[in-house]
Amino acid sequence: MRIFRLLKIARVVVQYGLDEFLLGHERVHGLSRLVNTLFFWRKLEQPRAVRLRLALEALGPIFVKFGQVLSTRRDLLPEDIADELAFLQDRVPPFPGDVAVAVIESSLKQPVSQLYASFDRNPVASASIAQVHRATLPDGRKVAVKVLRPGILPIIESDLGLLRVMAGLVERLFADGKRLRPKEVVAEFDKYLHDELDLMIEAGNASQLRRNFLGSDMLIVPEVFYDWCARQVLTLEWMDGIPVGRVDELRASGIDLKKLSVYGVEIFFTQVFRDGFFHADMHPGNIFVAADNRYIALDFGIVGTLSEVDKQYLAINFLAFFNRDYHRVAAAHIESGWVPKETRVEELEAAVRTVCEPIFDKPISQISFGQVLLRLFETSRRFNVEIQPQLVLLQKTLLNIEGLGRQLDPDLDLWKTAKPFLERWMNEQIGWRGLWRNIKHEAPLWAAMLPTLPRKLNDLANQNTTELLVTGYQGLMWEQKKRNWLLGVIAVLLAALVASVWWHR
């Protein structure tokens, strides 16, 4: 089976001229003319990035999704390829409704007619991993039922195996292969993909995000109905709205686009800095807009998490950027260990200033954050900056936010919108408000601990006394043994002396 798949991949590689990526290396450059002669019939007028995108689409849904994940790693890719891979979309035909029904009944152990008052066998959306059907619960609530594509796991495992082989070849063939870390990229993709294959993980992500934004005037997250969920089935509250990419429809419906663009920035920074838990797949296909001017989040298969240390570090860097304090940015990178300790702060500061200074005080329509990130990554490579894995999804999400803002309000100033939020958050973390909040958070623990404190101190004192007694006893025993040993030696010597005197008589 894998042999046939490998042959198909080889055919697609030849058809779209992807050998250009491999034979461009000096070790195998001599084969380039031979390959071009053998496959003279190929028409390769299109740019290499376009041909790569078309090849991934031809190879099927797993390679398409891999291309989508790869497009977020602008630290590893040339600019033209990263931009083109960002256009990848899942173009997968739906599987039959009867098959979806069979998956649901097998997973939930009941007939669909008993599980739902109504179930539309025609899917409303279809992607590489799953498709969505409209349904109604027995109590009349409208729901969206997401069903995992049957038989997808063996295909995924087979393709992942081939991707690992290809990653190994890239690492060995190219001088820059180890820096590109292709094996780590495939491993990262493997993790995301397997998380998406368990819809209970997505259900948990949706529930957490819903709790974080319950009652929000900016974001709606659908409710999860766990009695109708399993690893292959996810049932969510049905959401009516307009896809955020349909700007003309939003404007015709009376949606305030400027307010919506500001909401997008605030939602992003709230998820990152307040919660440390953020929706990491915020492309236009997963975001709708409700009639009351709120965003609707969908598809929670990929989320990002940040530790308290990550949040503090990011906030310091963001505020330093906003205040144009490039020295602080450089120092923070060195202090965190992201760059070698011997790096001169002044050199890194000058490099960061060169990249960031031109973008300030410009509307978003005149700023390409893709370009800024690309130049920052180039700078990072020059200073041997280690790209932190936990921030890769954050970079991807920030680029999605840029795209949404550019569509809704080209004049949106991301910096001016985000800076007050970050200053407020830092004040809450470091100022007296943060101190008071931490005291309130720890107070219940202190209240439970204080009554037991005298007993614990007494136990500690007793424990120390016992340890002293044991130590003293052990010392006495050692002294006793030492004395017994000395007495034994003396007795032996005396016996030897008496025997010697007696013998000489």
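Keep in mind that what you see is a predicted model, and the values were worked out from it rather than measured.

Okay, the overall build of the chain next. For the chain, the helix and strand inventory stands at 22 helices and eleven strands. The buried share of the chain, reckoned over its 505 residues, is 46%. Put simply, 68% of the contacts in the chain that link residues at least 6 apart link residues at least 24 apart.

With that out of the way, let us pick up the packing of helix H14 (residues 257–275) against helix H15 (residues 308–322). Orientation of H14 relative to H15, taken along the N-to-C sense of each, is 130°, at an axis distance of 9 Å. Relative to H15, the element H14 is oriented oblique. In this structure, H14 contributes Phe269, Val272, Phe273, Arg274 and Asp275 to the contact, and H15 contributes Lys311, Leu314, Ala315 and Phe318. When grouped by side-chain class, the residues that make up the contact of H14 with H15 number six nonpolar, no polar and three charged.

Tallying each qualifying case throughout the model produces 18 salt bridges. Across the salt bridge formed by Glu347 and Arg344, the nearest N and O atoms sit 3.5 Å from each other. Here Glu349 makes a salt bridge to Arg353, at a shortest N to O gap of 2.7 Å. Highlighted residues: Glu349 and Arg353, both in helix H17 (residues 345–356), separated by four residues, approximately one helical turn. Looking at Glu349, the relative accessible area reads 15%, which means it is buried. Judged by its relative accessible area of 35%, Arg353 falls in the partly exposed class.

Glancing now at a nonpolar patch on the surface. On the surface, Ile3, Phe4 and Leu7 cluster together into a nonpolar patch covering about 370 Å² of accessible area. Examined against the element boundaries, Ile3 turns out to sit in helix H1 (residues 2–15).

In this section: empty space enclosed by the protein. Here the structure, examined in full by the defined rule, presents three cavities of 30 Å³ or more. When its volume is computed, the second largest cavity comes out at roughly 60 Å³. Looking at the second largest cavity, the residues that line it are Leu209, Leu219, Ile267, Gln271, His279, Met282, Ile287, Tyr295 and Ala297. When grouped by side-chain class, the residues that make up the lining of the second largest cavity number seven nonpolar, two polar and no charged.

The subject of this paragraph is the UniProt feature "active site" (unreviewed entry) in the chain. Those residues carrying the UniProt feature "active site" (unreviewed entry) are Asp281 in this numbering. In this structure, Asp281 sits in the loop between strand E8 (277–279) and strand E9 (287–289). Judged by its relative accessible area of 12%, Asp281 falls in the buried class.

For the rest of this paragraph, the subject is helix H11 (residues 182–196). Spanning 15 residues, H11 covers 21 Å between terminal C-alpha atoms, matching the ideal 21 Å at 1.5 Å per step. When H11 is considered as a whole, its buried residues turn out to be Pro182, Val185, Val186, Glu188, Phe189, Asp190, Tyr192, Leu193 and Glu196.

Another point: the packing of aromatic side chains. Enumeration according to the criterion identifies four aromatic pairs in this entry. Between Tyr116 and Phe119 the ring centres are 5.9 Å apart and the planes differ by 35°, which places this aromatic pair in the tilted class. Taking relative accessible area as the criterion, Phe119 reaches 16% and is therefore assigned buried. For the pair Phe268 and Phe269, a centre-to-centre distance of 5.0 Å together with 80° between the ring planes defines the contact as edge-to-face. Taken individually, Phe268 and Phe269 each receive the classification buried, so the pair is uniform in this respect. One aromatic cluster is present, formed by Phe268, Phe269 and Phe273 through successive ring pairs. A cation over an aromatic ring shows up here: Arg274 above the ring of Phe213, its NZ or CZ 5.2 Å from the ring centre.

Okay, the environment of Tyr116 next. Within the secondary structure, Tyr116 sits in the loop between helix H8 (112–115) and strand E1 (118–119). Since its relative accessible area comes to 2%, Tyr116 is described here as buried. Setting aside anything within four residues of it in sequence, one finds Tyr116 in contact with Ile104, Leu108, Ala135, Thr136, Leu137, Pro138, Val143, Val145, Trp228, Val233 and Thr235.

As for its placement among the helices and strands, Glu196 is situated in helix H11. You can call Glu196 buried: its relative accessible area is 10%. Excluding residues within four positions of it along the chain, Glu196 makes contact with Lys65, Ile129, Leu148, Gly301 and Ile302.

Glancing now at the sheet that holds strand E10 (residues 295–297). Spatial strand order, E5-E10-E9-E7: four strands in an open sheet with mixed pairing. If you trace the sheet from one side to the other, it starts and ends with strand E5 (219–220) and strand E7 (242–243), each paired once. Pairing analysis gives three bridges linking E9 to E10, with the strands arranged antiparallel. In the strand pairing of E10, Val289 is matched with Tyr295.

Structurally, the position occupied by Arg149 is in the loop between strand E4 (142–148) and helix H9 (152–173). You can call Arg149 buried: its relative accessible area is 13%.

Turning to unusual backbone geometry, a few remarks are in order. Its identity as a non-glycine residue notwithstanding, Lys109 has a phi of 60°, on the positive side. Locating Lys109 in the fold gives a position in the loop between helix H7 (97–108) and H8. In the Ramachandran plot, Asp299 falls in the positive-phi region, its phi being about 60° despite a non-glycine side chain. For Asp299, the location among the structural elements is in the loop between E10 and strand E11 (303–305).

Attention now moves to the packing of helix H16 (residues 326–335) against H17. Between H16 and H17, whose axes approach to 8 Å, the crossing angle comes to 125°. Classified by the interaxial angle, the pair formed by H16 and H17 is oblique. Two packed elements cross with a definite hand, and for H16 against H17 that hand is right-handed. In contact with Tyr326, His327, Val329, Ala330, Ala331, His333 and Ile334 of H16, H17 contributes Val345, Leu348, Glu349, Val352, Arg353 and Cys356.

Cut-offs applied
- Sequence positions are assigned chain by chain, starting from 1 and proceeding in written order.
- For this predicted model, a pLDDT threshold of at least 70 governs which residues receive local features, and a threshold of 80 or more governs which side-chain atom pairs are given and counted, while totals over whole chains, interfaces and linings are taken from all residues.
- Side-chain measures were taken over the full set of non-hydrogen atoms in the model, leaving aside hydrogen atoms and water.
- Helical segments are the DSSP runs of H or I of at least four residues, strand segments are the runs of E of at least two, and each set is numbered from the N terminus.
- Burial status follows relative accessibility: with a 1.4 Å probe on protein chains alone, a residue under 20% of its type maximum counts as buried, one over 50% as exposed, and anything between as partly exposed.
- Only heavy atoms matter for contacts: two residues are in contact if any of them lie within 4.5 Å across the pair.
- Only the contacting stretch of a helix is used when fitting its axis, a line to C-alpha atoms as for every element, and angles between N-to-C directions run 0 to 180 degrees.
- Under this scheme an angle from 65 to 115 degrees is roughly perpendicular, one under 35 degrees roughly parallel, and one over 145 degrees roughly antiparallel; angles in between are oblique.
- Under the scheme applied here, ten amino acids are nonpolar (Ala, Val, Leu, Ile, Met, Phe, Trp, Tyr, Cys and Pro), four are charged (Asp, Glu, Lys and Arg), and all others, including Gly, are polar.
- Salt bridges are defined as contacts in which a side-chain nitrogen from Lys or Arg sits within 4 Å of a carboxyl oxygen from Asp or Glu.
- Every patch collects residues that have over 30% relative accessible area and no salt bridge, joining them within 9 Å if they carry like charges and within 5 Å if they are nonpolar side chains (Val, Leu, Ile, Met, Phe, Trp, Tyr).
- We get accessible surface area from the Shrake-Rupley algorithm with a probe of 1.4 Å; when it comes to residues, only the shown protein chains can shield them.
- With a 1 Å grid laid over protein atoms only, a set of points is called a cavity when a 1.4 Å probe fits there but cannot get out and a pocket when it is open yet has protein on both sides within 12 Å along at least five of seven lines; lining residues have an atom within 4 Å of a point.
- Grid points are joined across faces, edges and corners, and a volume is the space filled by probe spheres set on the points.
- UniProt positions are given in the numbering used here, feature names are shortened, and annotations may be inferred rather than shown by experiment.
- A helix is expected to reach a length of 1.5 Å times the quantity of its residues less one.
- Stacked, edge-to-face and tilted labels apply to pairs of Phe, Tyr and Trp rings (six-membered ring for Trp) whose centres lie within 6.5 Å, assigned for plane angles under 30 degrees, over 60, and everything in between, in that order.
- Two conditions define a charge located above a ring, namely a distance within 6 Å from the ring centre to NZ of Lys or CZ of Arg, and an angle within 35 degrees of the ring normal.
- DSSP bridges decide pairing: two strands pair if at least two such bridges lie between them.
- What makes a crossing left-handed is the near helix being turned counterclockwise from the far one by less than a right angle; a clockwise turn instead makes it right-handed.

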